[in-house]
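Coordinate inspection notes
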Amino acid sequence: MILQPINTLFTGQNLIELPEVESTNDFAIELLKSTAIPEGSAILTQKQTKGRGQREQNWESESGKNITVSFIFHPRFLTAARQFNLNICVSLGVLDFVDQVLNKEAVSIKWPNDIYFNNKKIGGILIENTIQGNSLQTSVVGIGININQTEFHSEAPNPASFKTITGQDYNIYESFSILCTCLEARYLQLKAGKETDMKMEYIKNLFQFDVYRDYLIKGELYTCRITGVSDSGRLLLEACSQGNEEYRTFEADLKEVKFIL
Ligand code: BTN
């Protein structure tokens, strides 16, 4: 139970705490069908029985050990074409939170929105938007951050948690409260139209930004450096030149590129 107040204007102020739920994102999506939900509402649970990740994957989270939450926002100020800016905003908010609590270098955003410590994943984000006309109407921002879990059993190749990194235990509710503050600051920055600055900051913090590494792009192996992201959120890469060849560039979506770690 949350005992201390959350120091925000709206993020996490309307808090729905559930001891157990299949998926907080699914719960939020159902709720939105029947009720008007205030901006920044949060559905927080100790235990998800069918937590969902990107690419139809399951999200593993041991009961009571981690942050598993979905926030509801109404970013009507964003056009559908600019919806990737919300991914940027949330990624930066979670990055700020991890930076603040862990206080360590080597935290980055693995495109599009995984949170990494060195080359291990400590958090994931699943954003599900509805669009009305030309603009976003609602956004369910699902966030899973591994806090005190030390054993992982799913197929995920490289999980880590705050505890596996520092050896310490963390208070989940204190951590959640800091997450709300960090997220709200970034959401307000987005709302204030600072999209260009935020995109630059996001790119600068990308895992493997501007360093040559191996990637599978549409099934073929290339040594590339990440140069940025397109406005629609596709990853931009440039291949190492071979002899006198021109530098070859790529623009890839999540299905088309695989990081070789
Ligand atoms: C990923 O990296 O694949 C995204 C993981 C997102 C997990 C969170 S946990 C809270 C929310 N509810 C879900 O079912 N998924 C998201």
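Summarised in this report is the structure supplied together with it. (Residues numbered from 1 in each chain as written. Predicted model: local features only at pLDDT ≥ 70, side-chain atom pairs only at ≥ 80, totals over all residues. Heavy atoms only, no water.)

1. Some remarks on the site of the ligand
- As a matter of local geometry, the ligand sits amid 20 residues, with Ser 23, Gln 48, Arg 52, Gln 54 and Lys 121 nearest to it.
- Interatomic distance of 2.6 Å between a side-chain N/O atom of Lys 121 and an oxygen atom of the ligand.
- Contact with the protein chains hides 98% of the accessible area of the ligand, taken as 420 Å² for the molecule alone.
- Structurally, the ligand is housed in the largest pocket.
- Mapped by element, the contributors of at least two residues to the shell around the ligand are α1 (24-34), β3 (67-73), β6 (120-132) and β7 (135-145).
- Taken together, the residues of the shell around the ligand break down into five nonpolar, 12 polar and three charged. (Near = heavy atom within 4 Å. Polar contact = N/O pair within 3.5 Å; in protein donor to acceptor, adjacent residues only side chain to side chain. Areas by Shrake-Rupley, 256 points an atom, 1.4 Å probe, with all protein chains shown as cover. 1 Å grid on protein atoms, 1.4 Å probe; cavity = no way out; pocket = protein on both sides within 12 Å on 5 of 7 lines; lining within 4 Å. Sits in = over half its atoms within 2 Å of the grid points. Helix = DSSP H or I, 4+ residues; strand = E, 2+ residues; numbered from the N terminus. Nonpolar A, V, L, I, M, F, W, Y, C, P; charged D, E, K, R; others polar.)

2. Some remarks on the packing of aromatic side chains
- All chains considered together, the criterion is met by 12 aromatic pairs.
- When the ring of Phe 84 is compared with that of Tyr 202, the centres are 5.9 Å apart and the planes differ by 80°; the resulting orientation is edge-to-face. One end of the pair, Phe 84, is in helix α2 (residues 84-102); the other, Tyr 202, is in helix α5 (residues 195-204), and 118 residues separate them in sequence.
- Residue Phe 84 is classed as buried on the basis of its relative accessible area of 10%.
- You can call Tyr 202 buried: its relative accessible area is 0%.
- A cation sits over an aromatic face here: Lys 110 above Phe 259, 4.5 Å from the ring centre. (Phe/Tyr/Trp six-rings, centres within 6.5 Å; stacked < 30°, edge-to-face > 60°. Buried < 20%, exposed > 50% of the residue type's maximum accessible area, 1.4 Å probe, protein only. Lys NZ or Arg CZ within 6 Å of the ring centre and 35° of its normal.)

3. A few points about the pairing of strand β5 (residues 114-117)
- The two faces of β5 match: Asp 114 and Tyr 116 on one face and Ile 115 and Phe 117 on the other face are all buried.
- When strand β4 (residues 107-110) meets β5, the two strands line up antiparallel, connected through four bridges. Directly across from Val 107, in β5, lies its bridge partner Phe 117.
- Hairpin connection between β4 and β5: a loop of three residues separates the two successive antiparallel strands.
- Bridging between β5 and β6 involves four bridges; their strand directions are antiparallel. Within the sheet, the bridge partner assigned to Tyr 116 lies in β6 and is Lys 121.
- The antiparallel pairing of β5 with β6 creates a hairpin that spans two residues between the two strands, and Asn 118 there sits at a positive phi of about 45°. (Pairing = 2+ DSSP bridges.)

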